[in-house]
Amino acid sequence: MRKIIVAVICGVFLLAQQASADGMNRDGIMVEQAWARATAGPAKAGAAYMTLINMGKEADRLVDVQSELAARTEIHTHLMESGIMRMRRVDGVEIAPGTTEILQPGGLHIMFMGLKAPFKEGQELPLTLVFEKAGRIDITFEVQGVGTKSMPQGHNMHKHGS
């Protein structure tokens, strides 16, 4: 009986560690498929994309992004103004309970301005996401090729801790 209890406790501990490794923090925010495109030549700006999932029971909001990779890191979106597509900073991204918000090319994304070094294909780079309720979540995003349009199938980056 004692061996069974120890086995169950170990199993629960391993599942909790896996949930943490898979990108879910204590408040139910999960980050998946974090990626960026390699930057071309002397580009001083880059963008990162990801999927944010709220597995919790309350709405949460991505309110800030922090990085040492660039002079400024902000949450942006694309808007059509007078027939011209423009990027604009947004104050946050609301994620209702049980929903998914996809940050992707042509929509919401993380913008890096004043890059300290180019993003090179194959790199794994750090980024901190700050949520109103979930707090700070440190992630790693994978840099794909310059022309990549989405995270390749089978990639599911979850490297972070909170």
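Scroll up to find the structure this text is about.
Residues numbered from 1 in each chain as written. Predicted model: local features only at pLDDT ≥ 70, side-chain atom pairs only at ≥ 80, totals over all residues. Heavy atoms only, no water.

Undergrad: Would you take a moment to explain the overall build of the protein chain for this structure?
TA: Check the secondary structure of the protein chain and you find 1 helix and 10 strands. Listing each helix as α and each strand as β along the protein chain from the N terminus yields α-β-β-β-β-β-β-β-β-β-β. In the protein chain, the share of contacts with a sequence separation of at least 24, taken over all contacts with a separation of at least 6, comes to 66%. As displayed, the protein chain has an accessible area near 9,200 Å², and 56% of this comes from carbon and sulfur atoms. (Helix = DSSP H or I, 4+ residues; strand = E, 2+ residues; numbered from the N terminus. Contact = heavy atoms within 4.5 Å. Areas by Shrake-Rupley, 256 points an atom, 1.4 Å probe, with all protein chains shown as cover.)

Undergrad: Any chance you could explain the packing of aromatic side chains here in plain terms?
TA: Aromatic ring pairs are described here by two measures, namely the spacing of the ring centres and the angle between the planes. Taken as a whole and judged by the stated rule, the model has 4 aromatic pairs. The interplanar angle of 40° and the centroid separation of 4.7 Å between the aromatic rings of Trp 35 and Tyr 49 together place this pair among those described as tilted. With Trp 35 in strand β1 (residues 29-37) and Tyr 49 in strand β2 (residues 45-54), this pair connects stretches of sequence that are 14 residues apart. Of the two residues, Trp 35 and Tyr 49, both sit in the buried class. (Phe/Tyr/Trp six-rings, centres within 6.5 Å; stacked < 30°, edge-to-face > 60°. Buried < 20%, exposed > 50% of the residue type's maximum accessible area, 1.4 Å probe, protein only.)

Undergrad: Help me understand the nonpolar core in this model?
TA: When a protein is soluble and globular, its nonpolar side chains tend to lie buried together. In this structure, Met 50, Ile 110, Phe 112, Leu 129 and Phe 141 are the most contacted members of the largest nonpolar core, which totals 30 residues. Of all the elements in the fold, those that place two or more residues in this core are β1, β2, β3 (60-66), β4 (70-81), β6 (93-95), β8 (109-115), β9 (124-131) and β10 (135-144). Apart from residues no more than four positions distant in its own chain, Met 50 is found in contact with Val 31, Glu 32, Gln 33, Ala 34, Glu 101, Ile 102, Leu 103, Ile 110, Leu 127, Leu 129 and Ile 139. The next biggest cluster of nonpolar side chains, apart from the first, holds 5 residues, and it includes Ala 47, Tyr 49, Met 111 and Met 113. (Core = buried A, V, L, I, M, F, W, Y, C linked by side-chain atoms within 4.5 Å.)

Undergrad: Is there a simple way to explain the pairing of β8 in this structure?
TA: Within a regular strand, the side chains alternate between the two sheet faces. Counting buried residues along β8, 6 of its 7 residues qualify, which places the element largely inside the surrounding structure. Where β2 lies against β8, 4 bridges are found, and the strand directions are antiparallel. By the bridge assignment for β8, Ala 47 is matched with Met 111. Note: β4 against β8, 6 bridges, orientation antiparallel. When the bridges of β8 are listed, His 76 appears paired with His 109. (Pairing = 2+ DSSP bridges.)

Undergrad: Explain the environment of Asp 138 to me, please; I cannot follow it from the model alone.
TA: Mapped onto the elements, Asp 138 comes out in strand β10. Taking the relative accessible area as the measure of exposure, Asp 138 reaches 32% and is therefore partly exposed. Residues Asp 138 and Thr 128, spaced 10 residues apart in sequence, show a C-alpha to C-alpha distance of 4.4 Å. Side chain to side chain, Asp 138 and Thr 128 meet in a polar contact 2.5 Å long. (Polar contact = N/O pair within 3.5 Å; in protein donor to acceptor, adjacent residues only side chain to side chain.)

Undergrad: Explain the pattern of salt bridges to me, please; I cannot follow it from the model alone.
TA: Where charged atoms of side chains with opposite charge meet at close range, the side chains can pair. For the structure shown, the criterion picks out 4 salt bridges. Two residues, Arg 61 and Glu 132, come together in a salt bridge whose shortest N-O distance is 3.8 Å. Taken together, the residues Arg 61 in strand β3 and Glu 132 in the loop between β9 and β10 connect sequence positions 71 residues apart. Across the pair Glu 74 and Arg 89 runs a salt bridge whose closest N-O atoms are separated by 3.6 Å. Residue Glu 74 is found in strand β4, and its partner Arg 89 is found in strand β5 (residues 84-89); the two are separated by 15 residues along the sequence. Accessibility expressed as a relative area gives 14% for Glu 74, which makes it buried. A relative accessible area of 53% means that Arg 89 is categorised as exposed. Bridged by salt links that share partners, the residues Arg 72, Glu 74, Arg 89 and Asp 91 form one connected network. (Salt bridge = Lys/Arg side-chain N within 4 Å of Asp/Glu carboxyl O.)

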